[in-house]
Amino acid sequence: MPTTPVGEAWRISPGLPYRHEETGVPAVKRIVLCGGGHAHVHVLQAFAKAPVPGAEVTLVSPFPRQIYSGMVPGWISGRYPLDACTIALPPLAEAARVRWVRGEAVSLDAAHRRLRLADGTLLDYDVLSLDTGSVQRRDRIPGAAEHALFVRPMETFATRWQALQQEIEFVTSAEGGRRLLAIAVVGGGAGGVELALALHHRLAGAARVTLVSGPAEPVPTHPAGTRSRVAEVLRRQRIPVMRMTCVAIADREVVLRSSGGAHVTLASDLTLLATGADAPAWLADSGLALDEAGFVATGPTLQSRSHPEVFAAGDVSSRTDAPHPRSGVYAVRAGPPLAVNLARFATGGALERWRPQRRSLNLLACGDGTAIASWGPFSAQGGWVWRWKDRIDRGFIDRYRLGAPASPAA
Ligand SMILES: Cc1cc2nc3c(=O)[nH]c(=O)nc-3n(C[C@H](O)[C@H](O)[C@H](O)COP(=O)(O)OP(=O)(O)OC[C@H]3O[C@@H](n4cnc5c(N)ncnc54)[C@H](O)[C@@H]3O)c2cc1C
């Protein structure tokens with residue numbers, strides 16, 4: 001992998017252009033954008049409009065497209081083709097004259113400013129920006145790695161779901177609809193609820209979907225009005241909610257534990273894990289300051305608390321000064337200040353401070369052409385909320401779509 005040679009005599013300091021100590025010739029500063037998440041698609045667009053003088057920018061992502069999670073339940077329920085929910089990354093990179101490297105970061109040596117990719121490629125950087133999202137640890141629930149379908153990485157989930165869907169159609173038609181497929185969705189957050197409703201809608205008459213929400217009721221972090229709307233939708237759609245913790249997953253069954261300690265076994269032909277966000281394991285040895293859960297600790301300028309030349313946005317990071325939930329809304333909002341600050345850090349300007357909003361609008365798709373809106377203590381529901389959500393989501397994709405949708409294998 002060719003990288004810009006930066007010898008001993010090149011002074012690396014914040015502020016560009018940095019110069020050779022003897023000749024004073026300006027050198028190129030290497031900015032690496034790791035991950036093609038919600039904030040970085042905006043950075044690419046901003047760099048296309050206003051290139052960073054004297055910078056060589058590289059984007060690293062394992063796939064040539066970003067799947068927009070907000071539209072995934074709509075894809076599962078059959079309202080969108082998958083292509084409608086994706087943003088192709090190479091055309092965005094090309095428009096910004098950014099080099100796209102297909103790869104997955106597996107380790108980071110922050111002291112030596114070096115990122116290692118899964119294929120062994122080493123990327124040296126002067127400025128690094130992380131927007132790689134969260135992961136789901138595969139060892140949290142015994143048997144999950146072998147028997148469950150994880151919702152992240154989203155690209156793997158999409159591939160597996162497409163294959164499974166064909167299998168489901170084959171099995172249900174072969175059995176002549178004699179047996180309902182048992183599906184357990186584990187995870188009572190907004191994503192789990194939306195996926196349970198979407199699956200129920202998509203496989204109507206062929207599957208029985210159960211939501212396993214942990215000890216709390218579904219969407220426990222939402223206000224009472226939203227919680228009761230969600231409970232009512234689930235009840236109306238006849239989706240049973242098990243307020244129990246999933247403690248093991250085996251072939252065709254899941255083991256649940258009640259808050260009183262009793263164990264129950266639930267038949268499940270397909271177990272979907274939509275449980276919370278974990279930090280990528282490769283950050284642990286990076287030398288970066290992390291929060292107690294292992295996410296990159298950042299401050300108001302989105303810089304790492306320990307390494308000012310490292311920026312992080314979205315689910316991979318934690319604003320230690322202004323904590324906020326991990327959601328796409330905040331990853332999207334971080335895009336504009338991140339683009340400004342990367343450019344200013346590289347060229348020597350004063351950085352902008354970004355204050356995340358206190359409240360965010362959450363729109364939950366119910367799978368049946370309606371959605372629930374939740375904002376602070378207020379909630380609303382109906383077909384008009386779904387149409388509103390649909391307009392916002394399609395608008396987001398349209399903003400960043402250049403050229404044809406990318407195939408994951410491209
Ligand atoms: C089913 C579902 C529905 C959701 N709906 C909503 C919603 O409606 N609204 C909302 O606000 N939030 C929603 N969320 C949450 C939302 O998905 C996340 O908060 C959001 O995706 C975070 O954005 P991000 O940019 O941090 O990371 P991501 O969107 O996860 O993007 C990370 C990118 O980095 C790449 N990447 C990952 N690892 C590496 C690596 N090691 N090296 C290089 N690249 C890497 C990935 O391929 C991906 O392109 C939903 C989540 C789920 C599961």
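Residues numbered from 1 in each chain as written. Predicted model: local features only at pLDDT ≥ 70, side-chain atom pairs only at ≥ 80, totals over all residues. Heavy atoms only, no water.

Chemist: I keep staring at the overall build of the protein and nothing clicks. Help me out?
Modeler: When helices and strands are counted, the protein shows nine helices and 23 strands. Taken over the C-alpha trace, the protein has a radius of gyration of 23 Å; the compact-globule value for 410 residues is 22 Å, and the two agree within 12%. Projected onto the principal axes, the alpha-carbon positions of the protein cover approximately 80 × 45 × 40 Å. When burial is assessed residue by residue, the protein has 50% of its 410 residues classed as buried. Relative to all contacts within the protein whose residues are 6 or more apart in sequence, the contacts with residues 24 or more apart total 64%. When the accessible area of the protein is evaluated, it comes to approximately 18,300 Å², of which 53% is carbon and sulfur surface. Each charge class in the protein was averaged separately, 45 positive and 36 negative side chains, and the resulting centres sit 7 Å apart. (Helix = DSSP H or I, 4+ residues; strand = E, 2+ residues; numbered from the N terminus. Rg over C-alpha atoms; globule rule 2.2 N^0.38 Å. Buried < 20%, exposed > 50% of the residue type's maximum accessible area, 1.4 Å probe, protein only. Contact = heavy atoms within 4.5 Å. Areas by Shrake-Rupley, 256 points an atom, 1.4 Å probe, with all protein chains shown as cover. Lys, Arg positive; Asp, Glu negative; His and termini not counted. Charge placed at Lys NZ, Arg CZ, Asp CG, Glu CD.)

Chemist: Would you take a moment to explain the packing of helix α1 (residues 38-49) against helix α9 (residues 383-400) for this structure?
Modeler: Any two packed helices are characterised by how steeply their axes cross, that is the angle between the axes, and by the distance between the axes. Interhelical geometry of α1 versus α9 gives an angle of 40 degrees and a closest axis separation of 10 Å. In terms of axis orientation, α1 runs oblique to α9. Of the residues in α9, those touching α1 at His-38, Val-41, His-42 and Gln-45 are Phe-396, Arg-399 and Tyr-400. Residue classes in the contact of α1 with α9 are distributed as three nonpolar, three polar and one charged. (Axes fitted to C-alpha atoms, helices over the stretch in contact; angles between N-to-C directions. Parallel < 35°, antiparallel > 145°, perpendicular 65-115°, else oblique. Nonpolar A, V, L, I, M, F, W, Y, C, P; charged D, E, K, R; others polar.)

Chemist: Help me understand the packing of aromatic side chains in this model?
Modeler: Here the distance between the centres and the angle between the planes together describe a pair of aromatic rings. Summed over all chains, the structure comprises six aromatic pairs. Ring geometry for Trp-384 and Trp-388: centres 6.1 Å apart, planes at 20 degrees, overall stacked. Of this pair, Trp-384 and Trp-388 both sit in helix α9, four residues apart, which is roughly one turn of the helix. Taking relative accessible area as the criterion, Trp-384 reaches 47% and is therefore assigned partly exposed. Assessed through its relative accessible area of 30%, Trp-388 is described here as partly exposed. Considering the side-chain rings of Phe-396 and Tyr-400, the 5.1 Å spacing of their centres and the 65 degrees angle between planes classify their relative orientation as edge-to-face. With Phe-396 and Tyr-400 both in helix α9 and four residues apart, the pair spans about one turn of that helix. Looking at Tyr-400, the relative accessible area reads 2%, which means it is buried. In this structure an aromatic cluster arises from ring pairing among Tyr-68, Phe-396 and Tyr-400. (Phe/Tyr/Trp six-rings, centres within 6.5 Å; stacked < 30°, edge-to-face > 60°.)

Chemist: Honestly, the site of the ligand in this entry has me stumped. Any pointers?
Modeler: Surrounding the ligand, one finds 30 residues, the nearest of these being Gln-66, Ser-69, Asp-131, Arg-152 and Asp-315. Within the backbone of His-38, one N or O atom sits 2.8 Å away from an oxygen atom of the ligand. Contacts to the ligand include Asp-315, whose backbone N or O atom sits 2.7 Å from an oxygen atom. Surface burial for the ligand is 85%, taken as the share of its 990 Å² of free accessible area covered by protein chains. Looking at the shell around the ligand, the elements that each hand over two or more residues are β2 (55-61), α6 (190-202) and α8 (328-347). Considering every element that reaches the shell around the ligand, the biggest residue donor is α8, with three residues. Within the shell around the ligand, the residues separate by chemical class into nine nonpolar, 14 polar and seven charged. Mapping the shell around the ligand onto the domain boundaries places at least three of its residues in each of domain 1 (29-135 + 278-347) and domain 2 (144-276). (Near = heavy atom within 4 Å. Polar contact = N/O pair within 3.5 Å; in protein donor to acceptor, adjacent residues only side chain to side chain. Domains from an automatic or database assignment.)

Chemist: Just checking my understanding: could you explain the environment of Arg-394 for this structure?
Modeler: Along the chain, the position of Arg-394 falls in helix α9. Looking at Arg-394, the relative accessible area reads 39%, which means it is partly exposed. In sequence terms Arg-394 and Leu-117 are 277 residues apart; their C-alpha atoms lie 32 Å from each other. Not counting residues within four places of it along the chain, the set of residues in contact with Arg-394 comprises Met-71 and Tyr-80.

Chemist: What am I meant to see in the packing of α1 against α8 here?
Modeler: It is at 7 Å that the axes of α1 and α8 come closest, and there the two elements cross at 35 degrees. Handedness of the crossing formed by α1 with α8: right-handed. Residues His-38, Ala-39, His-40, His-42, Val-43, Ala-46 and Phe-47 of α1 touch α8, and the partners they reach there are Gly-328, Ala-331, Val-332, Ala-334, Gly-335, Pro-336, Leu-338, Ala-339, Leu-342 and Ala-343. Its residues assigned to classes, the contact of α1 with α8 comprises 12 nonpolar, five polar and no charged. (Left-handed = near helix turned anticlockwise from the far one by under 90°.)

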